[in-house]
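For reference, the chains in residue letters:
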Amino acid sequence: VCQDVVPSNSPVGAQFPFSGIDDRENWPIVFYNRTCQCQGNFMGYNCGECRFGYTGPNCTVRRNMIRKEIFRMTTAEKDKLIAYLNLAKRTTSPDYVIATGTYEQMNNGSDPMFADINSYDLFVWLHYYASRDAFLEDGSVWANIDFAHEAPGFLPWHRFF
């Protein structure tokens, strides 16, 4: 099911005394204004993957996942974790690229500037993007904001990460 993206009209909060200067204020409509929502337990840009916690051909088999505390892992479990982190660093994401220029540098989107990225660095880039300083219209920087850690997305994002 595809539909228009409707950003929240809730105020940003007193900790960010500006309005209309940062693309994260109305995420994600500066980049896209329509999105599709998958049905059932499917997810992904083309609804071709199982939602987290599900598996099987129709994504109906519940898969329990336990997030184990790293200090309680066995040596074999730690080795497996490190191997998967290294694999993520060597695996180019088949679905995502990152912007290598600002919207203005891309001539308001007319001259796209994107690069491939590995799966691990995609998470790193997303985290940086959400928590970076705000660039103000006069060229100065507002460093007293963190859209990643001072916002309602903190817990689900870090759990996913």
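Above: the structure in question.
Residues numbered from 1 in each chain as written. Predicted model: local features only at pLDDT ≥ 70, side-chain atom pairs only at ≥ 80, totals over all residues. Heavy atoms only, no water.

(A) Highlighting helix α2 (residues 119–131). For α2, which comprises 13 residues, the first-to-last C-alpha distance of 19 Å matches the rise-based estimate of 18 Å (1.5 Å per residue) to within 8%. Among all positions in α2, only Leu122, Tyr129 and Ser131 are buried. The N-cap residue of α2 is Asn118: its side-chain oxygen and the backbone nitrogen of Tyr120 are 3.1 Å apart. (Helix = DSSP H or I, 4+ residues; strand = E, 2+ residues; numbered from the N terminus. Expected span 1.5 Å × (residues − 1). Buried < 20%, exposed > 50% of the residue type's maximum accessible area, 1.4 Å probe, protein only. Polar contact = N/O pair within 3.5 Å; in protein donor to acceptor, adjacent residues only side chain to side chain.)

(B) Quick peek at the side chain of Arg132. Inspection of the secondary structure puts Arg132 in the loop between α2 and β9 (134–135). Residues within four places of Arg132 in sequence aside, it is in contact with Asp22, Asp23, Arg24 and Ile145. (Contact = heavy atoms within 4.5 Å.)

(C) Fine view of the side chain of Ser93. Along the chain, the position of Ser93 falls in strand β7 (residues 92–99). Here Asp95 takes part through its backbone nitrogen, which lies 3.3 Å from a polar atom of the side chain of Ser93. Among all residues touching Ser93, those that are not within four sequence positions of it are Ile117, Asn118, Ser119 and Leu122.

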